[in-house]
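What the coordinates show
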Amino acid sequence: MNAVVYHNPKCGTSRNTLALIRHAGIEPEVIDYLAHPPSRARLVELISAAGLSVRGAIREKGTPYLELGLDTPTLSDDALLDAMLANPILINRPFVQTDMGTRLCRPSEIVLDILPAVDRPFTKEDGEVVIDQDGKRLV
């Protein structure tokens with residue numbers, strides 16, 4: 001299966017998502033989106049395929065969101081996309097695209113919706129069990 005993850009190695013959710021993909025036996029294409037942001041067309045494609053609005057794909061926490069006035073409800077999608085491309089930290093993460101779909105994987109276990117079934121136990125780096133000893137998804 002093909003998989004692409006737009007990853008931030010400093011983000012625990014992104015690290016857990018990547019670990020779940022690998023746990024499923026898939027070695028994805030990993031794109032450090034801060035160093036190599038997607039093109040405008042690719043970003044629009046990811047947002048649309050994930051079923052999100054542009055505003056729903058913006059990260060507020062730990063970003064210049066407020067300083068840039070992006071909380072103004074009348075800003076157009078084009079203005080929001082311009083801000084995201086100029087400041088990639090504003091792109092929420094991790095976006096994952098597989099042969100089974102595209103998701104913004106917050107929380108990380110959402111990635112399981114677009115991966116083949118995984119029946120081996122998995123625990124997040126914070127100790128939360130996602131898949132138990134019986135292969136049952138808990139979250």
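Scroll up to find the structure.
Residues numbered from 1 in each chain as written. Predicted model: local features only at pLDDT ≥ 70, side-chain atom pairs only at ≥ 80, totals over all residues. Heavy atoms only, no water.

With respect to the overall build of the chain
Scanning the chain from N- to C-terminus turns up three helices and six strands. Traced from its N-terminal end to its C-terminal end, the chain shows the element sequence β-α-β-α-α-β-β-β-β. Its C-alpha atoms give the chain a radius of gyration of 16 Å, near enough to 14 Å, the size a compact globule of 139 residues would have. With respect to the principal axes defined by its C-alpha atoms, the chain has extents near 50 × 30 × 25 Å. Residues counted as buried form 43% of the 139 residues belonging to the chain. Nonlocal contacts in the chain, meaning residues at least 24 apart in sequence, comprise 59% of its contacts between residues at least 6 apart. Taken as a whole, the chain presents about 7,000 Å² of accessible surface, with 50% of it coming from carbon and sulfur. In the chain, 15 positive and 19 negative side-chain charges are present, and the distance between their average locations comes to 2 Å. (Helix = DSSP H or I, 4+ residues; strand = E, 2+ residues; numbered from the N terminus. Rg over C-alpha atoms; globule rule 2.2 N^0.38 Å. Buried < 20%, exposed > 50% of the residue type's maximum accessible area, 1.4 Å probe, protein only. Contact = heavy atoms within 4.5 Å. Areas by Shrake-Rupley, 256 points an atom, 1.4 Å probe, with all protein chains shown as cover. Lys, Arg positive; Asp, Glu negative; His and termini not counted. Charge placed at Lys NZ, Arg CZ, Asp CG, Glu CD.)

Here's the deal with the pairing of strand β4 (residues 101-104)
Residues Thr102 and Leu104 point to one face of β4 and are all buried, whereas Gly101 and Arg103, pointing to the other face, are not buried. Note: strand β3 (residues 95-98) against β4, four bridges, orientation antiparallel. Across the sheet, residue Thr98 finds its bridge partner in β4, namely Gly101. Between the end of β3 and the start of β4, which pair antiparallel, lie two residues. (Pairing = 2+ DSSP bridges.)

Quick word on a nonpolar patch on the surface
Taken together, the side chains of Val129, Leu138 and Val139 present a nonpolar region at the surface, about 210 Å² in accessible area. Here Val129 shows up in strand β6 (residues 129-131). The exposure class of Val129 is partly exposed, given its relative accessible area of 36%. (Patch = residues over 30% accessible without salt bridge, like charges linked within 9 Å, V, L, I, M, F, W, Y side chains within 5 Å. Salt bridge = Lys/Arg side-chain N within 4 Å of Asp/Glu carboxyl O.)

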